[in-house]
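Overview (structure and organization)
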Amino acid sequence: MTEIVCLPGDGIGPEVTKEACKVLSACAEKYGWELSFTTCPFGGEAIDSFGEPLPEATLKACKRADAVLLGAVGGPKWDRLPHECRPERGLLGIRKALDLFANVRPVKLYSSLASASPLKDPGEVDMVIFRELTGDLYFGKKGVTGEGDSRVAFDEATYSVHEIARIAKKAFSAARSRKKHLTSVDKSNVLVTSRLWREVVDRIALEYPDVEVEHQLVDTAAMLMVRRPGKYDVLVTSNMFGDILSDLGGALVGSLGLLPSASLAEGRFGLYEPVHGSAPDIAGRGVANPVGAILSAAMLIEYTLGEVAVARQVERAVEETLKRYRTPDIFVAGTSLVGTAEFGDRVTETIVGGGV
Ligand code: NAD
Ligand code: IPM
Ligand code: MN
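Residues numbered from 1 in each chain as written. Chains lettered and ligands numbered in written order. Predicted model: local features only at pLDDT ≥ 70, side-chain atom pairs only at ≥ 80, totals over all residues. Heavy atoms only, no water.

1. Things to note about the pairing of strand 4 (residues 102–108)
- Within strand 4, five of the seven residues are buried, leaving the element largely enclosed by the surrounding structure.
- Pairing of strand 4 with strand 5 (residues 126–132), which is carried by seven bridges, proceeds in the antiparallel orientation. Residue Arg 105 lies in a different strand from strand 5, and its bridge partner there is Ile 129. (Buried < 20%, exposed > 50% of the residue type's maximum accessible area, 1.4 Å probe, protein only. Helix = DSSP H or I, 4+ residues; strand = E, 2+ residues; numbered from the N terminus. Pairing = 2+ DSSP bridges.)

2. Notes on unusual backbone geometry
- Positive phi is not limited to glycine here, since Lys 180 has a value of about 60 degrees.
- Here Lys 180 is to be found in the loop between helix 5 (161–176) and strand 8 (181–186).
- Look at Lys 180 and you get partly exposed, because its relative accessible area is 34%.
- The phi dihedral of Ala 279 falls on the positive side, at around 40 degrees, and the residue is not glycine.
- With respect to the helices and strands, Ala 279 occurs in the loop between strand 12 (270–272) and helix 9 (291–303).

3. Some points on the pairing of strand 6 (residues 142–145)
- Bridge count between strand 6 and strand 7 (residues 152–155): four bridges; the pairing is antiparallel. When the bridges of strand 7 are listed, Thr 145 appears paired with Val 152.
- If you look at the hairpin formed by strand 6 and strand 7, you'll find six residues sitting between the two strands, and Gly 146 has a positive phi there, around 80 degrees.

4. Regarding the site of ligand 2
- Close contacts around ligand 2 come from Glu 88, Leu 91, Leu 92, Arg 95, Arg 105, Arg 131, Tyr 138, Asp 243 and Val 275, and that covers them all.
- Taking Arg 131, its side chain carries an N or O atom lying 2.8 Å from an oxygen atom of ligand 2.
- Here the element with the most residues in the shell around ligand 2 is helix 4 (residues 87–97); it accounts for four residues.
- No fewer than three residues from each of domain 1 (1–109 + 258–356) and domain 2 (118–141 + 151–252) sit in the shell around ligand 2. (Near = heavy atom within 4 Å. Polar contact = N/O pair within 3.5 Å; in protein donor to acceptor, adjacent residues only side chain to side chain. Domains from an automatic or database assignment.)

5. Digging into the site of ligand 1
- Near ligand 1 you find 21 residues, and of these Val 73, Glu 88, Gly 277, Ala 279 and Asp 281 are the closest.
- Taking Asp 281, its side chain carries an N or O atom lying 2.7 Å from an oxygen atom of ligand 1.
- In isolation ligand 1 offers 810 Å² of accessible surface; the protein chains occlude 70% of this area.
- Taken together, the residues of the shell around ligand 1 break down into 10 nonpolar, seven polar and four charged. (Areas by Shrake-Rupley, 256 points an atom, 1.4 Å probe, with all protein chains shown as cover. Nonpolar A, V, L, I, M, F, W, Y, C, P; charged D, E, K, R; others polar.)

6. Focus on the environment of Ala 297
- Checked against the element boundaries, Ala 297 lands in helix 9.
- C-alpha separation for the pair Ala 297 and Gly 51, spaced 246 residues apart in sequence, amounts to 29 Å.
- Residue contacts for Ala 297: discarding those within four places in its chain leaves Ala 20, Leu 24 and Leu 69. (Contact = heavy atoms within 4.5 Å.)

7. What about the domain arrangement of the protein chain?
- Here the protein chain is described as being made up of domain 1 (1–109 + 258–356) and domain 2 (118–141 + 151–252).
- Here the C-alpha centroids of domain 1 and domain 2 sit 24 Å apart.
- With 20 residues of domain 1 in contact, the opposing surface of domain 2 contributes 24 residues.
- Approximately 2,000 Å² of surface area, both sides summed, lies buried where domain 1 meets domain 2, with 61% of it carried by carbon and sulfur atoms. (Buried area = accessible area lost by both parts, 1.4 Å probe.)

8. Points about helix 9
- Taking 1.5 Å per residue as the helical rise, helix 9 with its 13 residues ought to reach 18 Å, and the 18 Å between its terminal C-alpha atoms agrees with that figure.
- For helix 9, the buried fraction is high: 11 of the 13 residues fall into the buried class.
- Of the positions making up helix 9, those classed as buried are Val 291, Gly 292, Ala 293, Ile 294, Leu 295, Ser 296, Ala 297, Ala 298, Met 299, Leu 300 and Ile 301. (Expected span 1.5 Å × (residues − 1).)

9. Remarks on the packing of aromatic side chains
- Throughout the structure, instances matching the rule amount to four aromatic pairs.
- Aromatic pair Tyr 159 and Trp 197: ring centres 5.4 Å apart, planes at 65 degrees, arrangement edge-to-face. Within this pair, whereas Tyr 159 is found in the loop between strand 7 and helix 5, its partner Trp 197 is found in helix 6 (residues 192–205), the two being separated by 38 residues in sequence.
- Residue classification places Tyr 159 among the buried residues on the basis of a relative accessible area of 10%.
- For Trp 197, a relative accessible area of 3% translates into the label buried.
- Between Phe 172 and Tyr 208, the aromatic rings sit 5.0 Å apart at their centres with planes inclined by 15 degrees, giving stacked as the arrangement. With Phe 172 in helix 5 and Tyr 208 in the loop between helix 6 and strand 9 (212–217), this pair connects stretches of sequence that are 36 residues apart. Comparing Phe 172 with Tyr 208, the two get one shared label, buried. (Phe/Tyr/Trp six-rings, centres within 6.5 Å; stacked < 30°, edge-to-face > 60°.)

10. Considering the side chain of Asn 289
- Topologically, Asn 289 is positioned in the loop between strand 12 and helix 9.
- A distance of 3.3 Å separates polar atoms of two side chains, one belonging to Asn 289 and the other to Thr 327.
- Filtering out sequence-adjacent residues up to four positions away, Asn 289 remains in contact with Val 16, Ser 255, Gly 257, Leu 258, His 276, Thr 327, Asp 329 and Ile 330.

11. Things to note about the packing of helix 5 against helix 6
- At a minimum axis distance of 9 Å, the contact between helix 5 and helix 6 shows a crossing angle of 50 degrees. Relative to helix 6, the element helix 5 lies oblique. Considering the relative orientation of helix 5 and helix 6, their crossing is right-handed. For the pair helix 5 and helix 6, the contacting residues are Val 161, Ile 164, Ala 165, Ile 167, Ala 168, Lys 169 and Phe 172 in the first and Thr 193, Leu 196, Trp 197, Val 200, Val 201, Arg 203, Ile 204 and Ala 205 in the second.
- Each residue belonging to the contact of helix 5 with helix 6 can be placed in one class, and the counts come to 12 nonpolar, one polar and two charged. (Axes fitted to C-alpha atoms, helices over the stretch in contact; angles between N-to-C directions. Parallel < 35°, antiparallel > 145°, perpendicular 65-115°, else oblique. Left-handed = near helix turned anticlockwise from the far one by under 90°.)

Below you can see the structure in the form of structure tokens.
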């Protein structure tokens, strides 16, 4: 029995997670897998019921599980809470508690979505961002000193050799099984953490002589990702830069709602979450794009279940469905406009029908 904990969270989180579970259940039925789903409170909804974004019982359930499927957290309702009490603290807390240091974010443009990209001529876009997830500005010392208008706020960024080496190894080994090209993104002209980053990446590179490494400054990388996205294969970068560049990736391929991610430690356990947030502007209307969540489920199938062929099948089913059905964020004339649940139904039918 594979135990999956669902943390639907807030806003569109529950809407898209439901579709991801639908697809997982359909695969389980088709291939005779035994999956169990347990839903736990998390994020803003957990603050409302239990006074904290990551209740002890939720964390315990996640630690016992084989995988976690997460929706999104946050929203205007909780924006005025003190920093330590916000829904986002729950997300950072669970990543840290489970030591999920490698956030894998594939950015792929489906040919049928070329017109949804804001680029005139996007060409082939197929890259994977390896975002370090448990260090950097996110987890350093932070605080505010002084009073009133004399206040000074600080967020410390730290990286250890060990933290850089382990994410670099993951990225190199992914590059080895792809086009053997790795771009390491940093800001080593300004940050000492980045200088260490570059040094450690170069050291790990010696273990992967077949992989070509290129270092880029993050400002240049942001520009080149727009100008020549086809040049990228695997990217590896720090927590903050990876966060920003992956949303840029979402824009490149047509919608932030399309991007999945896997947050991994060593071993097969993983937490799978779309790259987007709780999208309060469209929440509750059944119009959110569930593709990021469904492809996150595909990543669960690949990394935790090890069923690579089925993961590819889910991806193909999504690609096929996108040729005919679209949620409003990527809608174009000539396709049918559908809501979140109907899109999930169409993907599921395609998988069950065996058309892909
Ligand atoms: P967001 O990612 O929620 O939304 C940005 C824009 O993208 C919005 O216009 C939204 O409608 C659109 N969008 C996002 N996902 C979509 C989808 N699946 N389908 C269609 N459109 C989609 O970012 P935000 O509005 O800046 O943040 C809202 C809240 O979400 C904040 O509280 C933020 O902290 C939180 N957040 C959470 C996560 C997470 O839980 N992993 C990630 C990012 C942001
Ligand atoms: C993401 C989100 C989170 C992050 C926030 C909500 C804490 O933007 O998963 O990309 O910055 O990691
Ligand atoms: Mn983000």
